[in-house]
Amino acid sequence: AQSVTQPDIHITVSEGASLELRCNYSYGATPYLFWYVQSPGQGLQLLLKYFSGDTLVQGIKGFEAEFKRSQSSFNLRKPSVHWSDAAEYFCAVVLILTGGGNKLTFGTGTQLKVEL
Amino acid sequence: SQTIHQWPATLVQPVGSPLSLECTVEGTSNPNLYWYRQAAGRGLQLLFYSVGIGQISSEVPQNLSASRPQDRQFFLSSKKLLLSDSGFYLCAWSSYGAAKNQPQHFGDGTRLSIL
């Protein structure tokens, strides 16, 4: 069965520092991967997605992620973190459901704290 | 543009009381609809999904049920709430079809506290 692991439960970085959030997946075929961000008390916002092609994908808010098949990873990065980036970040892999629709299997999330 | 609305935003209910959460999508037709639960300190768990009116699939056995009486309306219900039903409930939609490249778009959630 497909699964997603986010090894870091909490990460703290200083504003202006670079950021990398780790995501490892387990999937039998080529995975379709997403990163979402959740601000406190809010729903999830899509940051970026990987389907195929270029292994480095660009997203909103200055985020990017790199797909590495050899490492089964899809890590999220940002060169310079802003205080407003403090939130919880979820990596997810897609599974097609019988009868239609798709299912997202989420990691347990990484809580990002930004120190001023 | 497409929008998704959930209400109420916050709900406090006693154990044993009924529940009804509503989710409405606008700006798209025949969406796939989903209910997720996010428990404290845990990831998101898919509870139900629907690919059409009256079509509901359950991912996990539980005290909850879902219904889709209209194309863009999705309900989450319970006849008798349990303490373990507390959590943050999120509704989501994706475009019709089963393509893997269709992301899900989430509402702002309902915070449910059971007393």
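This is a predicted model, so every value here is computed, not measured.

**Q** Give me the sheet that holds strand β1 (residues 3-7) of chain B: which residues, what numbers.
**A** Each strand in a sheet pairs with its neighbour through backbone hydrogen bonds, running either in the same direction (parallel) or in the opposite one (antiparallel). Residue and element names in this part refer to chain B. Judged by pairing direction, the sheet is antiparallel, and its four strands sit side by side in the order β1-β3-β8-β7 without closing on themselves. Both edges of this open sheet fall to β1 and β7 (65-70), since each of them pairs with a single strand only. Each adjacent strand pair in this sheet contributes to an overall mean axis angle of 20°, direction not counted. Examined bridge by bridge, strand β3 (residues 19-26) and strand β8 (residues 73-78) share six bridges and lie antiparallel to one another. Of the residues in β8, the one forming a bridge with Thr24 is Gln73.

**Q** Pulling in residues and values, what's your account of the interface of chain B and chain A?
**A** Residue-level contacts link 25 residues of chain B with 28 residues of chain A. In total, about 2000 Å² of surface goes out of reach between chain B and chain A, with carbon and sulfur atoms giving 58% of it. For the pair chain B and chain A, the interface holds one salt bridge. Of the charged contacts, one joins Lys103(A) and Glu59(B) as a salt bridge, the two residues approaching to 2.8 Å between their closest N and O atoms. Summed over the shared surface of chain B and chain A, the result is three residue pairs in polar contact (both at pLDDT 80 or more). Of all elements in the fold, only β4 (32-38), β5 (44-52) and β9 (87-94) of chain B reach the threshold of two or more residues within the side of chain B that touches chain A. Residues of the side of chain B that touches chain A, tallied by class, amount to 12 nonpolar, nine polar and four charged.

**Q** Got a sec to walk through the environment of Ser20(B)? Specific residues and values, please.
**A** Residue and element names in this part refer to chain B. Considering the arrangement of structural elements, one finds Ser20 in strand β3. On the basis of relative accessible area, Ser20 is assigned to the partly exposed category, the value being 47%. In this structure, the C-alpha to C-alpha distance between Ser20 and Leu64, residues 44 residues apart in sequence, is 9.8 Å. Excluding anything up to four places from it in sequence, Ser20 contacts Phe75, Leu76 and Ser77.

**Q** Tell me about the state of the cysteines, and please be specific about residues and values.
**A** Residues and elements named next belong to chain B. One pass over the structure, following the stated rule, counts two disulfides over all chains. Residue Cys23 pairs covalently with Cys91 via a disulfide, S to S 2.0 Å. One quick way to see it: the torsion about the S-S bond of Cys23 and Cys91 is about -80°, and its sign makes the bridge left-handed. With a gap of 68 residues between them, Cys23 in strand β3 and Cys91 in strand β9 connect regions that are remote in the sequence. Residues Cys23 and Cys91 agree in their burial class; the two are buried.

Reading the values: rules and limits
- Residues numbered from 1 in each chain as written.
- Chains lettered and ligands numbered in written order.
- Predicted model: local features only at pLDDT ≥ 70, side-chain atom pairs only at ≥ 80, totals over all residues.
- Heavy atoms only, no water.
- Pairing = 2+ DSSP bridges.
- Helix = DSSP H or I, 4+ residues; strand = E, 2+ residues; numbered from the N terminus.
- Axes fitted to C-alpha atoms, helices over the stretch in contact; angles between N-to-C directions.
- Contact = heavy atoms within 4.5 Å.
- Buried area = accessible area lost by both parts, 1.4 Å probe.
- Salt bridge = Lys/Arg side-chain N within 4 Å of Asp/Glu carboxyl O.
- Polar contact = N/O pair within 3.5 Å; in protein donor to acceptor, adjacent residues only side chain to side chain.
- Nonpolar A, V, L, I, M, F, W, Y, C, P; charged D, E, K, R; others polar.
- Buried < 20%, exposed > 50% of the residue type's maximum accessible area, 1.4 Å probe, protein only.
- Disulfide = S-S within 2.5 Å.

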